[in-house]
Amino acid sequence: MKAVVFKGPFNVAVENVPDPTLEQPNDAILRITTSNICGSDLHPYEGRAPLDQGMVLGHENMGVVEDVGPGVDRISVGDRVSVPFNIACGTCRNCTAGWTNACLRANPTGRPTAGYGYPMMGPYWGGQAEYLRVPWADFNLLKLPAGREHENAFTMLSDIFPTGYHGAELARVTPGDTVAVFGAGPVGLMAAHSAMIRGASQVFIVDKEPDRLELAERYGVTAVNFAEVDPTEVITDATDGTGVDCGVEAVGYQAHDPTGQEHPELVMDKLVEVVQSTGRIGVVGVYLPQDPGAATEGAQEGRIGFDYGSVFDKNIALGHGQCPVKRYNRQLRDLIIRGRAQPELIVSHELSLNEAPQAYDQFDKRIDGWTKVLLCGRSANSPGLRSSNSPGSSLGGQSIRWSWCPGP
């Protein structure tokens, strides 16, 4: 099969690799219809997180079941499914408590987390490929309605929509709350969208990229460009001097100022400023226990020196960590089906696997308009793909958008 293979920092290639096979009775094999490039994929791409050469990338996956092992009885061949990025056994202490993000059995290293094509999350190949093996398929896979309807929305169920919702959950957003989301990347946009779904009265989103802030306004939230204004002043003034009830951190360890200088504590400090006393902050931006490329010595060891004294003084509650996708994906699927959620609004590019190397390059460089890239599971010359002009999408100067066409 064709797959996007990690070769080293700033180097991915589309190569022919062995097809996945059923290795355990509870495995399933999927034919990938859509796999996304995630902002977290840029961590190994930029050399900021260790990943073995030869790993197939891709942890945001959906597709159709092609084969199942003899131990699979809930999922059937032909089912259209979403694949949570967490790989979970379903029976360990953490899984039975609903914390599938911290499965104690799935990662052979013993680390309490496992996933597809990502650093330190086990040997599992990712789904930026034509096929994918899914362990513990009955437990992990979420069934979707058959066909192609809502494809671009459903593909967000594997990671960023649940992760954004998790941020709102950790911040305990309730009806009438005011909310500040820092970071208008895909996860931040989904956190803002989730806060609105949960009944927030006003949501602010802070970033400096005009294309991201423009998308935020499509979700009915107030965009704040921190390269032009002080977000603390703007948000405090807009909330009658009180600050917001809740905040969501959706940036992570590579936070930087308008000049591009990294300050890993920057976003947490700003959230502590803007969240009022007894407020809540949910942290879903990625932080690493080791980051040799960090801007400070402490951050290189995972020590982020943010204003914890004010957190204590203001009685701010903090929640953080990787999203347990299965805790939310069924409900979010149904919100999409009923027209209550539109995560697909963030999609900027639908491309073929063959175009993945250039897509990684453009996405990593934060080229204007490259907000969310979807990869189809078949190459561009396959009969299942067609191209059509799409405003706002460009690849090498040519306006292009790849869409799936039903086969004969």
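Calculation rules
Residues numbered from 1 in each chain as written. Predicted model: local features only at pLDDT ≥ 70, side-chain atom pairs only at ≥ 80, totals over all residues. Heavy atoms only, no water. UniProt positions renumbered as here; feature names shortened; annotations may be inferred. Helix = DSSP H or I, 4+ residues; strand = E, 2+ residues; numbered from the N terminus. Domains from an automatic or database assignment. Contact = heavy atoms within 4.5 Å. Buried area = accessible area lost by both parts, 1.4 Å probe. Salt bridge = Lys/Arg side-chain N within 4 Å of Asp/Glu carboxyl O. Polar contact = N/O pair within 3.5 Å; in protein donor to acceptor, adjacent residues only side chain to side chain. Pairing = 2+ DSSP bridges. Right-handed = clockwise from strand over helix to strand, strands pointing away. Axes fitted to C-alpha atoms, helices over the stretch in contact; angles between N-to-C directions. Buried < 20%, exposed > 50% of the residue type's maximum accessible area, 1.4 Å probe, protein only. Phe/Tyr/Trp six-rings, centres within 6.5 Å; stacked < 30°, edge-to-face > 60°. Core = buried A, V, L, I, M, F, W, Y, C linked by side-chain atoms within 4.5 Å. Parallel < 35°, antiparallel > 145°, perpendicular 65-115°, else oblique. Left-handed = near helix turned anticlockwise from the far one by under 90°. Nonpolar A, V, L, I, M, F, W, Y, C, P; charged D, E, K, R; others polar.

Visitor: Where do I start with the UniProt feature "domain: Alcohol dehydrogenase-like C-terminal" (unreviewed entry) in the protein chain in this structure?
Guide: According to UniProt, the "domain: Alcohol dehydrogenase-like C-terminal" (unreviewed entry) feature falls on residues 186-289. Span residues 186-289 is 37% helix and 24% strand, its end C-alpha atoms 23 Å apart.

Visitor: Which parts of the structure should I look at to understand the domain arrangement of the protein chain?
Guide: How big an interface is tends to be stated in terms of accessible area lost as the parts join. Here the protein chain is described as being made up of domain 1 (2-159 + 325-376) and domain 2 (168-320). For domain 1 versus domain 2, the distance between C-alpha centres works out to 26 Å. Counting residues at the interface gives 21 residues for domain 1, matched by 19 residues for domain 2. In total, about 1800 Å² of surface goes out of reach between domain 1 and domain 2, with carbon and sulfur atoms giving 57% of it. Broken down residue by residue, the surface that domain 1 buries against domain 2 is led by R48, L345 and I346, which jointly contribute 37%. If you look at where domain 1 meets domain 2, you find two salt bridges. R48 is the salt-bridge partner of E262, the closest N and O atoms lying 2.9 Å from each other. Counting across the domain 1 and domain 2 interface gives six residue pairs in polar contact (both at pLDDT 80 or more).

Visitor: Help me out: how do you make sense of the pairing of strand β12 (residues 275-283) in this one?
Guide: Side chains on a regular strand alternate between the two faces of the sheet. Relative to β12, strand β11 (residues 244-249) runs parallel, the two sharing five bridges. From the neighbouring strand, V248 faces β12, where its bridge partner is G282. Between the parallel elements β11 and β12, the chain passes through helix α9 (residues 266-274) in a crossover that is right-handed. Bridge count for β12 against strand β13 (residues 317-320) is four bridges, and the pairing is parallel. Residue pairing in the sheet places R280 in a bridge with A317 of β13.

Visitor: Would you explain the sheet that holds strand β8 (residues 178-182) in this entry?
Guide: What the six strands build is an open sheet, ordered β10-β9-β8-β11-β12-β13; its pairing is parallel. Bordering the open sheet on either side are β10 (222-225) and β13, each of which pairs with just one other strand. Each strand of the sheet is rotated relative to its neighbour by a mean of 20°, with strand direction disregarded. With four bridges joining them, β8 and β11 adopt parallel strand pairing. Among the inter-strand pairings, V181 is bridged to a residue of β11, identified as V248. Packed on one face of the sheet, helix α5 (residues 160-170) meets β11, β12 and β13 and runs near 150° to β12. On top of the sheet, helix α8 (residues 231-238) reaches β8, β9 (202-207), β10 and β11; it is set at about 170° to β9, its chief contact.

Visitor: Any chance you could explain the pairing of β8 here in plain terms?
Guide: For β8, the buried fraction is high: five of the five residues fall into the buried class. Burial along β8 is two-sided: the face carrying T178, A180 and F182 and the face carrying V179 and V181 are both buried. Of the strand pairs in this sheet, β8 and β9 are connected by five bridges, and their pairing is parallel. Paired with T178 across the two strands is Q202, which belongs to β9. Chirality of the crossover, the property in question, places the unit of β8, helix α6 (residues 186-197) and β9 among those that are right-handed.

Visitor: Can you help me understand the packing of aromatic side chains in this one?
Guide: Aromatic ring pairs: the centre-centre distance and the angle between the two ring planes describe each pair. One pass over the full model with this rule turns up four aromatic pairs. Their ring planes at 70° and their centres at 5.4 Å tell us that F10 and Y45 sit as a pair that is edge-to-face. On the criterion of sequence distance, the pair formed by F10 in the loop between β1 (2-8) and β2 (11-16) and Y45 in helix α1 (residues 42-45) is long-range, its members being 35 residues apart. The exposure class of Y45 is buried, given its relative accessible area of 5%. With a centroid separation of 5.3 Å and 55° between ring planes, the pair formed by Y165 and Y328 is classed as tilted. Note that Y165 is positioned in helix α5 and Y328 in the loop between β13 and α12 (329-337), a separation of 163 residues in sequence. Taken individually, Y165 and Y328 each receive the classification buried, so the pair is uniform in this respect.

Visitor: Please clarify how the nonpolar core should be interpreted in this entry.
Guide: Soluble globular proteins: nonpolar side chains tend toward being buried together. With 49 residues, the main nonpolar core has F161 and I205 as its most contacted residues. Among the elements that take part in this core, α6 stands out by supplying seven residues, more than any other. Summarising the domain contributions, this core has at least three residues from each of domain 1 (2-159 + 325-376) and domain 2 (168-320). When neighbours within four sequence positions are excluded, I205 is seen to be in contact with V181, G183, A184, G188, L189, A192, L213, A216, V221, T222, A223 and V224.

Visitor: Help me out: how do you make sense of the packing of α5 against α6 in this one?
Guide: Between two packed helices, both the angle of their axes relative to each other and the distance between the axes serve to describe the pair. Between α5 and α6, the least distance of the axes is 7 Å, while the angle of their chain directions is 60°. Taken together, the axes of α5 and α6 are oblique relative to one another. For the crossing formed where α5 meets α6, the hand is right-handed. Facing α5, whose interface residues are I160, F161, T163, G164, Y165 and A168, α6 presents P186, V187, M190, A191, H193, S194, A195 and I197. Here the contact of α5 with α6 is composed, by residue class, of 10 nonpolar, four polar and no charged.

Visitor: What am I meant to see in unusual backbone geometry here?
Guide: The phi angle at M120 is positive, at roughly 65°, despite the residue not being glycine. Mapped onto the secondary structure, M120 falls in the loop between α2 (93-96) and β6 (131-134). Although it is not a glycine, H150 sits at a positive phi angle of roughly 65°. Note on placement: H150 falls in the loop between β7 (142-144) and α4 (151-154). Residue classification places H150 among the partly exposed residues on the basis of a relative accessible area of 27%.

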